[in-house]
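# Structural features, examined
Residue-level listing of the chains:
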Number of protein chains: 2
Amino acid sequence: MSSITKGLIEALVAALGADSVRTGEAIEPRYLGDWSGQSSVNPVAVVLPRSIEGVATVMRLCHAARQSVVPQGGLTGLAGGAIPTGADICLSLERLTGIEEIDRAAATMTVLAGTTLQTVQEAAQEAGFEFALDLGARGSCQIGGNLATNAGGIRVIQSGTARDQVLGMEVVLADGSVLSSLSKMVKNNTGYDLRQLFIGSEGTLGIITRAVLRLGPRRSSRNTALCALPDYDSAVRLLRSLQARFGNEVGAFEIMWPDFFEFGVSISRTTHSPFQQAYPLYALIEHAGFVDDGGGRFAEALGVELESGVLLDAVIAQSQAETHALWEIREATAEFPVKLEPINFDVSLPIGEIGHFVDTCRQDFAARWPSHRGFFFGHIGDSNLHITVDGCSIPGVSSEDVDHVVYSLVQQYRGSISAEHGIGILKRPFLGYSRSETELTCMQAIKQALDSRGILNPGKLLP
Amino acid sequence: MSSITKGLIEALVAALGADSVRTGEAIEPRYLGDWSGQSSVNPVAVVLPRSIEGVATVMRLCHAARQSVVPQGGLTGLAGGAIPTGADICLSLERLTGIEEIDRAAATMTVLAGTTLQTVQEAAQEAGFEFALDLGARGSCQIGGNLATNAGGIRVIQSGTARDQVLGMEVVLADGSVLSSLSKMVKNNTGYDLRQLFIGSEGTLGIITRAVLRLGPRRSSRNTALCALPDYDSAVRLLRSLQARFGNEVGAFEIMWPDFFEFGVSISRTTHSPFQQAYPLYALIEHAGFVDDGGGRFAEALGVELESGVLLDAVIAQSQAETHALWEIREATAEFPVKLEPINFDVSLPIGEIGHFVDTCRQDFAARWPSHRGFFFGHIGDSNLHITVDGCSIPGVSSEDVDHVVYSLVQQYRGSISAEHGIGILKRPFLGYSRSETELTCMQAIKQALDSRGILNPGKLLP
């Protein structure tokens, strides 16, 4: 450790207290990794401020010392965006927790960044509202991290991504100044929308410390169906037809290709398909309405689609248990790391082209690696396709080789190499497949404008 | 005209053709003003490129000559954001028109910036979709201007502002480079959301030339009611209660205080209120649903509110003619310039505090100017309050005096001095009432990063 770094650590201890600054052996291993499995290096220190002022102090001191800082939330990211990769100081927001206010008239919640998503969801429910964002890591991920990565998840089709859930935000900038834009207003046209610039910037432009979240009305009725379809085009027709009937009450629209569906069924508790035969495509669909009609309108709509041939078969869950059983097939992804050596992709493509993309991708895989095992599924209503290739099925092939095949194809289809997981360190080498030189230059110019010393999360996101 | 400017004009003529570059007497007066009535000065030239490349050429040449450029759309703005105020070149997008593609599967429309909002709306309808943005100037305003100013309007409560209607965008930057981010994907987490930075930047960061717009399902049923309420808190209760029942099928929620309502009635064709007596507050509410139930569910909901005392009275329109008659009261704003000397405000405030704000504002007006005549109304579901003071009622009082009273109060309530009309030149002196020093510094840094020569719409928006 250099004498400059030593001096910085001493200053941090003096400002925050010894219990808020950990170094060496005192750093718990959990600060070293996220759910991406990417490798990290030991940070210089982990700091755990208890207040916004504490975060600002850390940044002011680090800015003066030109010390790199890695902001950390719940560390559930899948792109390595929050792990230390150099002589970094990790700044954890985990002590900055709590819901400060629920304004029922404005339908807003003001919350500190370290609060878990689940806490936010539950508090919204208790107040008679709903917070729209939802994802598997809800119990561990923090709202600050959700915003910094513009988290997506299952309900994007209904209410958008994290970006769409925020009215106001507070951010500590690279030099320690506090940018406070804690608006509760839906309409606010007073210059550049700085809020949206920080959302999805993966901690490279500032540290989100507080947010004013939008709450929505609570949906009192959820009905789930598993549908069988003849082909992908029918899935798109079904999507648009249900939206024309139900608007944003279409609460989930998850498409599973047979390879994924069969895997999902095999690892589910029931281990058999609810259908008598195999089909070309499956859709798990949720109708989430505001008035409980016992699922009558949803069943009627599916009946119409069955008659017209858009659907080949459909099963509607009749109980909570049946709903869980259907979702269990889709949530088989949790078993990927146990049963496979998963090489995962999270891409997006124009909705109409996803079917063709899947066929082409499968052909490309087969031509290169006849033994490959691939699984295709996704939130198609949001243009989001997930692909998992089992590394065990293609021994000797590196994940970079598979990346190259998938991302080249994504580029060809003008898609995005990251739909919801972000770039982090994992996809950084591939950013140029989705963003042009002009876009990258523009991003660099903004980075330079807001963090001229390059101390915020260096090595992440930007090439 | 300096020799540098002469050389620039010659270069523009050489590049675009003489019919695309107007100077001196050949400049039609309509390029000099917008709907704000703010005064302008004669520009050096008006250029009318016919292609994206033409726009890029103009910017490249102007960048080299350090020539200021004012981007112009339909010139329907209310803040003077698009009028020439110095030795500017006006760059009109009016020849860059047309819908390039409607992708039904993706539910997107790719459109050139100069296309009018109404053309976009109609094309969406024809394709079986709906484009959510709507405002009074629809026939004249252009989609590029709508995006550059983050336009709002009547339907924001349902589908958000212009910001929420865009998946992809193409922008010509200050130096003439073309930033193309024409994504059709809902989910796309590949770095900074540049799109959102340009939306609402009022032409100070780049010139929007093309956009990929989101289309939504078409609402087949619209029912309108005029309601009478005992007080403002009941209006908020009614709003949240209807949203809990109908979600985003609440299509408009327009509150009118008695001063406005009586004015609206007086200038409407029927010239009498649909109610037998006067009430403390009025709400014009639209239920815009996807299934036509003859208005049954809406009527039922209003019945419940009447019984509980949240509503004192309600009239539901039974025909198109009755619907128009009710809207005519709200749209009396069009008569303001005819009947009054309007001093207009477009502010936003936390929804729960608008009632109290109105009372305080009225008291402040009365204390200063007992003869004043003020009108209060707004899109309350979006936190947007409009205020009009009749200048005739306060002779000798400058509009700046009234500005100061209103904006000081807005600042006190942590509101926004511009909900939907933007800043332009009109509200530029007051920006600090809504944005902090840190926010303004941040905006300046971004401006410097993307337009270091300061040639894009100088004198607008930023202090």
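The shown structure was predicted, so the numbers you read here are calculated from the model rather than taken from an experiment.

Attention now goes to the overall build of chain A. Broken down by element type, chain A carries 14 helices and 18 strands. For chain A, the C-alpha radius of gyration of 23 Å lies close to 23 Å, the compact-globule estimate for 463 residues. The principal-axis extent of the C-alpha atoms belonging to chain A is close to 75 × 60 × 40 Å. Expressed as a percentage of its 463 residues, the buried residues of chain A come to 60%. When contacts within chain A are restricted to residue pairs at least 6 apart in sequence, those whose partners lie at least 24 apart make up 74%. Accessible surface, chain A: about 16,500 Å² in total, of which carbon and sulfur atoms supply 49%.

Take the UniProt feature "domain: FAD-binding PCMH-type" (unreviewed entry) in chain A next. Here, the residues flagged by UniProt with the feature "domain: FAD-binding PCMH-type" (unreviewed entry) are residues 39-218 of chain A. Within residues 39-218 of chain A, the helical portion is 21% and the strand portion 24%, while the C-alpha atoms at the span's ends are 41 Å from each other.

For helix H10 (residues 320-330) of chain A, the set of buried residues is Thr-323, Leu-326, Trp-327, Ile-329 and Arg-330 of chain A. For H10 of chain A, the buried positions fall inside an angular range of 145° around the axis, keeping them on one side.

Below, the discussion takes up the pattern of salt bridges. All names here are of chain B. Scanning all chains against the criterion turns up 52 salt bridges over all chains. With a closest N to O distance of 2.8 Å, Glu-170 and Arg-210 form a salt bridge. In this pair, Glu-170 sits in strand E8 (residues 166-172) while Arg-210 sits in strand E10 (residues 207-214), placing the two residues 40 residues apart along the sequence. Given a relative accessible area of 5%, Glu-170 falls into the buried group.

What follows is about the domain arrangement of chain A. All names here are of chain A. Here chain A is partitioned into domain 1 (3-92), domain 2 (99-217), domain 3 (221-333) and domain 4 (340-421). Distance from the C-alpha centre of domain 2 to the C-alpha centre of domain 3: 30 Å. The interface is formed by six residues belonging to domain 2 together with 14 residues belonging to domain 3. Buried surface at the junction of domain 2 and domain 3, summed over both partners, amounts to about 770 Å²; 48% is from carbon and sulfur atoms. For the domain 2 face of the interface with domain 3, the top three residues by lost area are Ile-154, Ile-157 and Gln-158, together amounting to 68%. The tally of links from domain 2 across to domain 3 stands at two salt bridges. Glu-286 is the salt-bridge partner of Arg-155, the closest N and O atoms lying 2.7 Å from each other. For the pair domain 2 and domain 3, the number of links is three residue pairs in polar contact (both at pLDDT 80 or more).

Moving on, we come to helix H7 (residues 232-246) of chain A. Residues and elements named next belong to chain A. Its 15 residues give H7 an end-to-end C-alpha distance of 21 Å, which sits within 8% of 21 Å, the value for a rise of 1.5 Å per residue. Of the residues making up H7, those classed as buried are Tyr-232, Ser-234, Ala-235, Val-236, Leu-238, Leu-239, Arg-240, Leu-242, Gln-243 and Phe-246. Backbone geometry just after H7 places Gly-247 at a positive phi near 55°.

Once that is clear, we can look at the interface of chain B and chain A. Each partner contributes residues to the interface: chain B has 84 residues there, and chain A has 84 residues. Per-residue buried area on chain B facing chain A is highest for Lys-187, Asn-189 and Tyr-192 of chain B; these three make up 18% of the total on that side. Our count for the contact surface shared by chain B and chain A stands at six salt bridges. With its nearest N and O atoms 3.2 Å apart, the salt bridge here joins Asp-193 of chain A to Arg-163 of chain B. Here chain B and chain A share 40 residue pairs in polar contact (both at pLDDT 80 or more) between them. At the level of elements, strand E9 (178-181), helix H6 (194-198), helix H7 (232-246) and helix H14 (437-450) of chain B are the ones that each hand at least two residues to the side of chain B that touches chain A. At nine residues, the largest contribution of residues to the side of chain B that touches chain A is made by H14 of chain B.

Turning next to the pairing of strand E5 (residues 99-103) of chain B. A regular strand places its side chains so that they alternate between the two faces of the sheet. Residue and element names in this part refer to chain B. In this structure, E5 lies alongside strand E6 (residues 108-112), joined through four bridges in antiparallel fashion. Pairing of Ile-102 across the sheet is with Met-109, part of E6. The hairpin formed by E5 and E6 contains four residues between the paired strands, and Ala-107 there has a positive phi angle of roughly 60°.

Residue and element names in this part refer to chain B. Read across the sheet, four strands follow the order E1-E2-E4-E3 without closing on themselves; strand pairing throughout is mixed. Looking along the sheet, the strands with just one partner apiece sit at the ends: strand E1 (21-22) and strand E3 (69-72). Taken together, the three bridges between strand E2 (residues 45-47) and strand E4 (residues 89-92) define a ladder with parallel strand orientation. When the bridges of E4 are listed, Val-46 appears paired with Cys-90. Contacting E2, E3 and E4, helix H2 (residues 52-64) crosses the sheet at an angle of about 165° to E4.

Let's shift gears to the pairing of strand E12 (residues 221-229) of chain B. All names here are of chain B. In terms of burial, E12 is largely enclosed, as eight of its nine residues are buried. Relative to strand E14 (residues 281-289), E12 runs antiparallel, the two being bridged by nine bridges. Pairing of Ala-225 across the sheet is with Ile-285, part of E14. In the sheet, E12 pairs with strand E15 (residues 313-316) via four bridges, with the strands oriented antiparallel. Looking at the pairing, Cys-227 lines up with Ala-314 of E15.

Of note, Met-185 of chain A is situated in the loop between strand E9 (178-181) and helix H6 (194-198). Using a relative accessible area of 3% as the deciding quantity, one classes Met-185 of chain A as buried. Separated by 235 residues in the primary sequence, Met-185 of chain A and Glu-420 of chain A have C-alpha atoms spaced 26 Å apart. Beyond its immediate chain neighbours, meaning those up to four positions away, Met-185 of chain A contacts Leu-167 of chain A together with Ser-348, Leu-349, Pro-350, Ser-383, Arg-414, Gly-415 and Ser-416 of chain B.

Moving on, we get to the relation of the copies chain B and chain A. At an RMSD of 0.0 Å, chain B and chain A line up after a rotation of 180° and a shift of 0.0 Å along the axis. In short, the pair behaves as if placed about a two-fold rotation axis. Take the interface residues of chain B: 100% of them recur as interface residues in chain A, which is what a same-surface contact looks like.

Secondary-structure assignment places Ile-417 of chain A in the loop between helix H13 (399-412) and helix H14 (437-450). A C-alpha to C-alpha distance of 27 Å links Ile-417 of chain A and Tyr-192 of chain A, two positions 225 residues apart in sequence. Dropping the residues within four chain positions of it, Ile-417 of chain A is found in contact with Asp-346, Val-347, Tyr-407, Val-410, Ile-423, Lys-427, Phe-430, Leu-431, Tyr-433 and Ser-434 of chain A together with Thr-190 of chain B.

Residue and element names in this part refer to chain B. Pairing is antiparallel in the open sheet, where seven strands are placed in the order E15-E12-E14-E13-E17-E18-E16. Looking at strand neighbours, the two that pair on one side only are E15 and strand E16 (342-348), the edges of this open sheet. Averaged over all neighbouring strand pairs, the angle between strand axes comes to 15°, with direction disregarded. Sheet contacts for helix H10 (residues 320-330): E12, strand E13 (250-256), E14, E15, strand E17 (374-379) and strand E18 (384-390); angle to E12, the most-contacted strand, approximately 50°.

Looking now at the packing of helix H1 (residues 3-16) of chain A against helix H2 (residues 52-64) of chain A. When two helices pack together, you describe them by how their axes are tilted relative to each other and by the distance separating the axes. Residues and elements named next belong to chain A. Direction vectors running N to C along H1 and H2 enclose 160°, while the axes themselves pass 10 Å from each other. With respect to H2, the axis of H1 lies roughly antiparallel. Remark: the crossing between H1 and H2 carries right-handed chirality. Taken together, the residues of H2 that come into contact with H1 (itself represented by Leu-8, Ala-11, Leu-12, Ala-15 and Leu-16) are Gly-54, Thr-57, Val-58, Leu-61 and Cys-62. Considered class by class, the residues forming the contact of H1 with H2 number eight nonpolar, two polar and no charged.

In this section: the packing of aromatic side chains. Residues and elements named next belong to chain A. Counted according to the given criterion, the structure contains 36 aromatic pairs over all chains. Ring geometry for Tyr-279 against Tyr-282: centres 6.4 Å apart, planes inclined by 75°, an arrangement best described as edge-to-face. Given the relative accessible area of 1%, Tyr-282 is considered buried. Both rings, one in Phe-357 and one in Tyr-413, keep their centres 5.3 Å apart while their planes meet at 85°; by these two values the pair is edge-to-face. Of the two residues, Phe-357 sits in helix H12 (residues 354-368) while Tyr-413 sits in the loop between H13 and H14, which places them 56 residues apart along the sequence.

Residues and elements named next belong to chain A. Note that Ile-4 resides in helix H1. We classify Ile-4 as exposed; its relative accessible area is 59%. Each C-alpha atom of the pair Ile-4 and Ala-65 lies 7.2 Å from the other, and the pair is 61 residues apart in sequence.

Criteria and thresholds
- Residues numbered from 1 in each chain as written.
- Chains lettered and ligands numbered in written order.
- Predicted model: local features only at pLDDT ≥ 70, side-chain atom pairs only at ≥ 80, totals over all residues.
- Heavy atoms only, no water.
- Helix = DSSP H or I, 4+ residues; strand = E, 2+ residues; numbered from the N terminus.
- Rg over C-alpha atoms; globule rule 2.2 N^0.38 Å.
- Buried < 20%, exposed > 50% of the residue type's maximum accessible area, 1.4 Å probe, protein only.
- Contact = heavy atoms within 4.5 Å.
- Areas by Shrake-Rupley, 256 points an atom, 1.4 Å probe, with all protein chains shown as cover.
- UniProt positions renumbered as here; feature names shortened; annotations may be inferred.
- Arc of directions from axis to C-beta.
- Salt bridge = Lys/Arg side-chain N within 4 Å of Asp/Glu carboxyl O.
- Domains from an automatic or database assignment.
- Buried area = accessible area lost by both parts, 1.4 Å probe.
- Polar contact = N/O pair within 3.5 Å; in protein donor to acceptor, adjacent residues only side chain to side chain.
- Expected span 1.5 Å × (residues − 1).
- Pairing = 2+ DSSP bridges.
- Axes fitted to C-alpha atoms, helices over the stretch in contact; angles between N-to-C directions.
- Least-squares fit on C-alpha atoms with pLDDT ≥ 70 in both.
- Parallel < 35°, antiparallel > 145°, perpendicular 65-115°, else oblique.
- Left-handed = near helix turned anticlockwise from the far one by under 90°.
- Nonpolar A, V, L, I, M, F, W, Y, C, P; charged D, E, K, R; others polar.
- Phe/Tyr/Trp six-rings, centres within 6.5 Å; stacked < 30°, edge-to-face > 60°.

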